[in-house]
Amino acid sequence: MVHTELLSREGGFAATWRRELRAAAALIAFSAVMAIAMPSSAHAQLRESAAKLIAHTMGNPEFRVKSFRGGTWLGNGDAYLDLEPSASGAGNDIVKYQTATGAREILVAADRLIPSGEKTPLAVEEYRMSPDGHRVLVFTNSKTVWRRNTRGDYWVLDLTSGALRKLGGDAPASSLMFAKFSPDSGKVGYVRGNDIYVEDLASKKIARLTEDGSDTVINGTSDWVNEEEFDIRDGFAWSPDSHAIAFWQFNTTGLQKYTLIYDLGAPRGEIVTEIPYPNLGPYPQTLEYQYPLAGTQNSAVRVGVASAAGGQVVWMQTGGDPHNTYIPEMGWADSGHVLIQHMNRLQNRNEFLLADAATGASRTVLVDEDRAWVDVNRDVLWINQGREFLVLSERDGWRHLYRVARDTGKTQLVTRGEFDVVSLDRVSPDEKWVYFIASPENATQRYLYRARLDGTIAPERLTPNVPGTHSYTISPNGEWAFHSYSSFDVPPAFDVVHLPDHRVMRKTVDNAAIAERVKPLSGGPAEFVKVDAGNGLTVDAWLIKPPNFDPAKKYPLIVYVYSEPAGQTTADRWPSMFDRALTSAGYLVASFDNAGTPAPRGREWRKIVYGNVGPLSSQQQAVALQSLEKTHSYIDAKRVGVWGWSGGGTETLNLMFRDPEIYSVGVSVASVPDQRLYDTIYQERYLGLPQDSPKAYEQSSAINFASGLRGDLLVMHGSGDDNVHFQGFELLVNKLISLGKQFDMRVYPGRTHSISEGKGTNLDVYTNILGYFEEHLPPNSASH
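Just so you know, these numbers come straight off a predicted model, no measurement behind them.

### Some points on the overall build of the protein
The secondary structure content of the protein amounts to 13 helices and 43 strands. Its C-alpha radius of gyration of 27 Å places the protein within 12% of the 28 Å reference for a compact globule of 784 residues. For the protein, buried positions account for 56% of its 784 residues. When contacts within the protein are restricted to residue pairs at least 6 apart in sequence, those whose partners lie at least 24 apart make up 60%. Counting only carbon and sulfur atoms, one obtains 50% of the accessible surface of the protein, whose full area is about 31,800 Å². Here the protein holds 77 positive side-chain charges and 92 negative ones, and the gap between their average locations is 3 Å.

### Examining the packing of aromatic side chains
Scanning the entire structure with this criterion turns up 34 aromatic pairs. Judged by centre distance (6.5 Å) and plane angle (80°), the rings of F68 and Y80 are edge-to-face. Separated by twelve residues along the polypeptide, F68 in the loop between α3 (39-57) and β1 (72-74) and Y80 in strand β2 (residues 79-85) bring together distant segments of the chain. The same class applies to F68 and to Y80, which are both buried. Aromatic rings pair up to connect F68, W73, Y80, Y97 and F482 into one cluster. Residue placement shows R658 over the ring face of F705; its charged tip is 3.9 Å from the ring centre.

### Quick look at the sheet that holds β2
Spatially, β1-β2-β3-β4 is the arrangement adopted by the four strands of the open sheet, whose pairing is antiparallel. Looking at which strands have only one partner, the edges of the open sheet turn out to be β1 and β4 (104-108). Across the sheet, the mean angle separating the axes of adjacent strands is 40° when strand polarity is ignored. Two elements, β2 and strand β3 (residues 92-98), share seven bridges in a ladder whose sense is antiparallel. When the sheet's bridge partners are listed, Y80 is paired in β3 with Y97.

### Some points on the sheet that holds strand β23 (residues 362-369)
Read from one edge of the open sheet, four strands run β20-β21-β22-β23, paired in antiparallel fashion. Bordering the open sheet on either side are β20 (325-334) and β23, each of which pairs with just one other strand. Here the strands of the sheet are splayed against their neighbours by 20° on average, with no regard to which way each runs. Examined bridge by bridge, β20 and strand β21 (residues 337-344) share seven bridges and lie antiparallel to one another.

### Remarks on the pairing of strand β35 (residues 503-510)
Summarising the sheet, strand β34 (residues 493-498) and β35 pair through six bridges and their orientation is antiparallel. Its bridge partner lying in β35, V496 is registered against R506. Between β34 and β35, which follow one another and run antiparallel, lie four residues, and H502 among them has a positive phi close to 60°.

### Topic: the environment of P491
Secondary-structure assignment places P491 in the loop between β33 (480-486) and β34. Between the C-alpha atom of P491 and that of I514, which follows or precedes it by 23 residues, the distance is 6.8 Å. Contacts of P491, omitting those with residues within four sequence positions, involve Y485, S486, N511, A512, I514, A515 and W574.

### Overview of the pattern of salt bridges
With the rule as written, the count across this model stands at 42 salt bridges. R406 is paired through a salt bridge with D334; the nearest N and O atoms lie 2.8 Å apart. Here R406, found in the loop between β26 (400-405) and β27 (411-413), pairs with D334, found in strand β20; they are 72 residues apart in sequence, far enough to count as distant. Ionic pairing is found between E516 and K519, a salt bridge with its closest N-O pair at 2.9 Å. Three or more residues are tied together by salt bridges with common partners; here these are D370, R371, E394, D420, R603, E604, R606 and K607.

### Things to note about the nonpolar core
Membership of the largest hydrophobic core comes to 60 residues, with the highest contact counts inside it found for F236, W248, V305 and I340. Looking at this core element by element, the count peaks at six residues for strand β15 (residues 244-251). Grouped together as the second largest cluster of nonpolar side chains are 43 residues, V561, A590, F592 and I703 included.

### So, helix α9 (residues 647-658)
Its twelve residues give α9 an end-to-end C-alpha distance of 16 Å, which sits within 8% of 16 Å, the value for a rise of 1.5 Å per residue. Of all twelve residues in α9, twelve are buried; the element is thus mostly enclosed. Buried residues of α9: G647, G648, G649, T650, E651, T652, L653, N654, L655, M656, F657 and R658, and no others. On the buried face of α9, the contacting elements are α8 (613-631), β40 (635-645), β41 (665-669), α11 (694-700), β42 (712-718) and α12 (726-738).

### Some remarks on the pairing of β40
The element β40 is extensively covered by neighbouring structure, given that nine of its eleven residues are classed as buried. Here strand β38 (residues 555-560) runs beside β40; their pairing, made up of five bridges, is parallel. Bridge pairing in β40 links V559 to V642.

### A few points about the side chain of E564
In this fold, E564 is placed in the loop between β38 and α6 (577-584). Of the side chains with opposite charge, R685 lies nearest to the buried E564, which makes no salt bridge, at 9.3 Å. In terms of polar contacts, E564 uses its side chain to reach the side chain of Y682, at 2.6 Å. Those residues in contact with E564 that lie beyond four places of it in its chain are G596, T597, P598, V613, G647, T650 and Y682.

### As for unusual backbone geometry
With an omega of 5°, the peptide bond between Y277 and P278 qualifies as cis. With respect to the helices and strands, the residue P278 is situated in the loop between β16 (257-262) and β17 (285-290). Here L499 and P500 are connected by a cis peptide whose omega angle stands at 10°. With respect to the helices and strands, P500 occurs in the loop between β34 and β35. Positive phi is not limited to glycine here, since D231 has a value of about 60°. Of the residues examined, D231 reaches a relative accessible area of 45% and is grouped as partly exposed. Positive phi is not limited to glycine here, since S563 has a value of about 80°. In this structure, S563 sits in the loop between β38 and α6. Of the residues examined, S563 reaches a relative accessible area of 3% and is grouped as buried.

### Focus on the environment of R580
Within the secondary structure layout, R580 lies in helix α6. A relative accessible area of 4% places R580 in the buried class. When the C-alpha atoms of R580 and L499 are compared, they prove to be 36 Å apart, with 81 residues separating the residues in sequence. Apart from the residues within four sequence positions on either side, R580 is in contact with F488, D489, V518, L521, S522, W574 and P575.

Basis of the calculations
- Along each chain, numbering runs from 1 in the same order as the chain's sequence is written.
- Only residues with pLDDT of 70 or above have their local features reported here, since the model is predicted, and side-chain atom pairs are shown and tallied only from 80 upward, although totals for entire chains, interfaces and linings are computed over all residues.
- Each side-chain value is worked out from all heavy atoms of the structure, with water and hydrogens disregarded.
- In DSSP terms, a helix is any run of H or I states spanning at least four residues, a strand is any run of E spanning at least two, and both are numbered starting from the N terminus.
- A radius of gyration in this sense is built from C-alpha atoms; the matching globule rule multiplies 2.2 Å by the number of residues raised to 0.38.
- Only protein chains enter the calculation, and the probe is 1.4 Å; a residue is then buried if its accessible area is under 20% of its type maximum, exposed if over 50%, and partly exposed in between.
- A contact between two residues is defined here by any heavy atoms of the two lying within 4.5 Å.
- In these tables, accessible area is a Shrake-Rupley quantity obtained with a 1.4 Å probe, and a residue counts as shielded only by the protein chains included in the view.
- When charges are counted, Lys and Arg contribute as positive and Asp and Glu as negative, whereas His and the chain ends are disregarded.
- Throughout, a charge is located at the NZ atom of Lys, the CZ atom of Arg, the CG atom of Asp or the CD atom of Glu.
- For Phe, Tyr and Trp, rings pair up if their centres lie within 6.5 Å, where Trp contributes its six-membered ring, and each pair is then called stacked (planes under 30 degrees apart), edge-to-face (over 60) or tilted (otherwise).
- Put simply, a charge is over a ring when the Lys NZ or the Arg CZ is close to the ring centre, within 6 Å, and near the line of the ring normal, within 35 degrees.
- Should DSSP find at least two bridges between two strands, the strands are taken to pair.
- Note on method: axes are straight lines fitted to C-alpha atoms, helices fitted across the in-contact stretch only, with angles between N-to-C directions ranging 0 to 180 degrees.
- Salt bridge, as applied in this entry: a Lys or Arg side-chain nitrogen positioned within 4 Å of an Asp or Glu carboxyl oxygen.
- Take the buried residues of types Ala, Val, Leu, Ile, Met, Phe, Trp, Tyr and Cys, join any two whose side-chain atoms come within 4.5 Å, and each joined set is a nonpolar core.
- An expected span of 1.5 Å times one less than the residue number is assigned to each helix.
- In the analysis that follows, any N or O atom pair within 3.5 Å is treated as a polar contact, provided that within protein one partner can donate a hydrogen and the other can accept it, and provided that, for residues neighboring in sequence, both atoms belong to side chains.

Below is the structure:
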């Protein structure tokens, strides 16, 4: 548990905490020794000591990183907004800072956000200024929609009159989504009940733009799978002239439904720990929703344009079967045209279509193709008075930036060299420069670069020589940026910088003190290395050591994995506190990025995994581990554990089943043991359709290699997981039982993919991961 008296005294915290940490570590060592003689009591002692250590690390506010809650530029960037606690102690103020000088003024005091008849201010979850600067839109009272809190109440504050009113008319509480001002500041559009509405701020009249919204017809937001895999949530956009709205429509008719069962009778997100007397016992509740498993029917998708005043919707013409194509991105090219990215089912062809908003007629401007898959362009920027736009493409083997002529589709390379553009940030107002994130020399790090838009000179790095991961939000005038930075050993720092000289104007959040506090948890800084993964391939890895590390001793190693195209684990940025909880318990901890992860190492690196997700990654992970063991003699190769979550949980199964002589203990959280049990968009992108590629699915599914299990395995899952279904967990359990394999399992009733709902859940998850390793891979039995 966390001792609150320690948290109130900053000066005495470190020494007191170190004493308690040493006591916890001693208890761990004692428990592990006792495990030899008294296994039953030792199990309980190990979990108790693990719980204390997790509470002292992951549950400790002294290690909690603070973030910058601002980041809203005003005008061209001469000023910005931050959200800060009110001096009154109730609510938050929206504070305005002059970018150049740091001059501070309260733009919206919390007491201006008290609704009529109420005593306390609105809890500001999100806010945005109207383009003319006269109003503020506040999002509050939100509810979770699958992954994020995107449904709630919206209020508008008139900064001149002080009037505060709730939008939506007679809409129920927490029922509006994605409200946003029109460019002329006179209206607000929002989604309610899967239909799109526009509310005039002067007259208060509400126009309903779509009439067919229902459980199966979704306007202005997304179905489950497009939200999860294409990140489509806010599904509508105002035209630049404020006269129309372009929006996605998903029709889920004909999709098969998945049923989640809540045995304790509570709705999704509520965790039942007791049934009050004299109530009778509850019956289970169910939740049905459309979820397309790989190879099954998708929603029909299309893009419509509706007048802001209401009337007939014009549907953009995209061609093909709408059930077997995707529209992962769309946006206005100008007030009369919409640019649509239109993908085939296999996601290896992306057409950029320019559609006439008045007629719906469209033409192809550009086609991006790849024999594996193509990535969506989230960063389409228009230049040259709308005559050209910028896209990222891997057509020459690297993710480069290109100019595309609107009329002809002719492309011109902007970023030259053998490196990847990670993401596009902004074009300077004079359109001479484009800013982007890249890291040509080190795939574990991220830096800001700029290049001439005419492509005539090599890109120029603007980030100083401070190794780690840097991110930026650049002002409209290109002169300033919100900058955040961290590395494995430096906690996140937030500041405002001037560009292009990267001069720091002021710090907005400083977490530097945390670096000293975490030092006792590990033995020195992280070691970043490159290791051989077979066939001449080198991969990135990091290694961290326990406190009081002695290179003459042998230590058990725990490998953290993900390994799939959706994530990179070797990034040089501030890690999870669980990594340091493991080192403080006496373990070495490492991670490797095999080919196929989204590292900026070129197209071939990323796309080699196509059709070969499980076999390739597990082979390279195993070889990389053995290479690290050869160069680091203190690693005890006979005592290696592995753990991961989601795709990492799947990879844990792969390694435990395919390489049992290398990995002796594994903890798999929320895994996909059979690739056919995940959704269409993600799974088909990397393996094709299961009807066309049954062998790829068979070889990539860890469950088909379960007979190889020889070590100790713990599998964990939430029964309310809408993403990676409990179905797969049950199939795996049945398979292991049928094979006569011994294993351990932990089920979290009603929890989702994050396994975070309910008091104590998060700490319980990590306590049991750590405790399982301590029980089956005790750190104190190292040999000399």
